[in-house]
Amino acid sequence: MYDIVKEFVTTFENDNLLSEDAYTIIENISSERSVHSAKKGDDSYLLMVKLLLERREIVYALSKADLHENNKKIEYDFGEIERSQYNINIKVDVIKVWNYDGVSAASGARDSYLFDFVYEDNRWKIDKVSGLNKIICDNRIINLSDEISSEDMNLYLDDFYYEDLDEQNESHSDVSDDMSGYDRAYSLSQTALYAYHYALSRNSSYADFTNNGGDCTNFISQAIKYGGLNMHYGTPLTNTCWYYTTSTDRSSSWTSANLFRQYIFGNNSHINATNATWSNIKVGELIQKMSNGSATHSMIVTGQVVSGNTRTDLLVSAHTTDRRNASLAMYYSGTKKYTHIKGNK
């Protein structure tokens, strides 16, 4: 069964696989999947796979950057196995590394899946794959779950095609080194270095909040502290300060995306933060995903794709889900807020 998991992932991660060729993994899928799909009136059990592949094709076609993931290497960290007579569930973390054309630093990602197997026709076959809907940081996909209808798929792809790439395609700029207004004691390069280093791992000096609301803002807080920001001590588990001592002696703004945003733009903030744009944000600065006016996810710009002297994409690092120097256009959709971090105040 491990080989079946590897074959599924390898096929799905093939940059040359088109959505119309998703059937190539049909041999290892249970024929009983048609029963699940019929609940939503579809005769395909690969609609989430097709959605993700079609989305990838749209990004490749419309992006000004070459975002193909070259020299891709995949490793597997198999976890718990639950077994019964006719069913087996296998948890696996898939760690992949690759290179973008013209970018020297490698990129990487860690995704977690649960493969459900059923015994059919004298062999084990995949009955369900959970976790596909979390590959892309997009609330619309996450809310769809792993099993979708063709209507769900088409509505999402139409929205994505006409809306999500507007920002990137309409806003591109020459790369600027202007650092006026920045505190020289604060280092964006050290912030980016920390984020890149720990993107696919954890610093044991801090608690891991992956299973306790998410680790994304804990991660960016660590990085900007490493870059030179001073902790602002105060009442634990509030957003009127920003600090970490232990998992329970910390500010809520250290770990919550929205409370962090409220803190840095609040009257009590000791962080010099201003609004930025896709065009002028710098490597080492912050991007947050937004939903209904609230920040839901935090990440750090750790690189960029440049054509000549023109920026064509941003590369970001994040936790939950773990990404290292990953394309913003490829892996993140929806409303975003960009933030300059200029130092202490």
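Note that the structure is a prediction, hence the values are computed from the model and not measured.

Conventions adopted
- Residues numbered from 1 in each chain as written.
- Predicted model: local features only at pLDDT ≥ 70, side-chain atom pairs only at ≥ 80, totals over all residues.
- Heavy atoms only, no water.
- Phe/Tyr/Trp six-rings, centres within 6.5 Å; stacked < 30°, edge-to-face > 60°.
- Helix = DSSP H or I, 4+ residues; strand = E, 2+ residues; numbered from the N terminus.
- Buried < 20%, exposed > 50% of the residue type's maximum accessible area, 1.4 Å probe, protein only.
- Core = buried A, V, L, I, M, F, W, Y, C linked by side-chain atoms within 4.5 Å.
- Contact = heavy atoms within 4.5 Å.
- Axes fitted to C-alpha atoms, helices over the stretch in contact; angles between N-to-C directions.
- Parallel < 35°, antiparallel > 145°, perpendicular 65-115°, else oblique.
- Left-handed = near helix turned anticlockwise from the far one by under 90°.
- Nonpolar A, V, L, I, M, F, W, Y, C, P; charged D, E, K, R; others polar.
- Salt bridge = Lys/Arg side-chain N within 4 Å of Asp/Glu carboxyl O.

Draft legend 1. Summary view of the packing of aromatic side chains. If you walk through the whole model with that rule in mind, you get 16 aromatic pairs. Taking 5.9 Å as the distance between ring centres and 35° as the angle between the ring planes, the aromatic pair formed by Y244 and W254 counts as tilted. Of this pair, Y244 sits in the loop between α8 (216-226) and α9 (257-264) while W254 sits in the loop between α8 and α9; the two residues are 10 residues apart in sequence, bridging distant segments of the chain. The residues Y244 and W254 share a single accessibility class, namely buried. Chaining the aromatic ring pairs together yields one cluster made of F8, Y113, F115 and F117.

Draft legend 2. Region of the structure containing the nonpolar core. One finds F8, L51 and F115 to be the most contacted residues of the largest nonpolar core, which totals 65 residues. Sort the elements by how many residues they give to this core and helix α3 (residues 47-62) lands first, with nine residues. Once residues within four sequence positions are removed from consideration, F115 is found in contact with V5, F8, V9, I88, N89, I90, V92, I126, K128 and V129. Within the second largest apolar cluster, 28 residues are counted, among which are L188, A223, I271 and I341.

Draft legend 3. Main features of the packing of helix α7 (residues 188-198) against α8. α8 packs onto α7 with a crossing angle of 140° between their chain directions and a minimal axis gap of 7 Å. Here α8 runs oblique to α7, going by the angle between their axes. Of the two elements, α7 crosses α8, and the hand of that crossing is right-handed. Contact residues: α7 offers Q190, T191, Y194, A195 and Y198, while α8 offers F219, Q222, A223, I224 and Y226. Considered class by class, the residues forming the contact of α7 with α8 number seven nonpolar, three polar and no charged.

Draft legend 4. Structural detail: α8. Within α8, nine of the 11 residues are buried, which leaves it mostly tucked inside the rest of the structure. Turning to α8, its buried residues number three or more, namely C216, T217, N218, F219, I220, S221, Q222, A223 and I224. Its buried side turned inward, α8 meets α7, α9, β6 (286-291), β7 (294-307) and β8 (310-318). Of the residues flanking the end of α8, it is G228, one or two places downstream, whose phi is positive at about 125°.

Draft legend 5. The arrangement of the pattern of salt bridges in detail. In total, this model carries 15 salt bridges according to the counting rule given. Put simply, K72 and D15 hold a salt bridge, and the shortest N to O gap is 3.4 Å. Here K72 is found in strand β1 (residues 70-83), whereas its partner D15 is found in the loop between α1 (2-12) and α2 (33-38), with 57 residues between them in sequence. Relative accessible area serves as the criterion here: at 22%, K72 is assigned to the partly exposed category.

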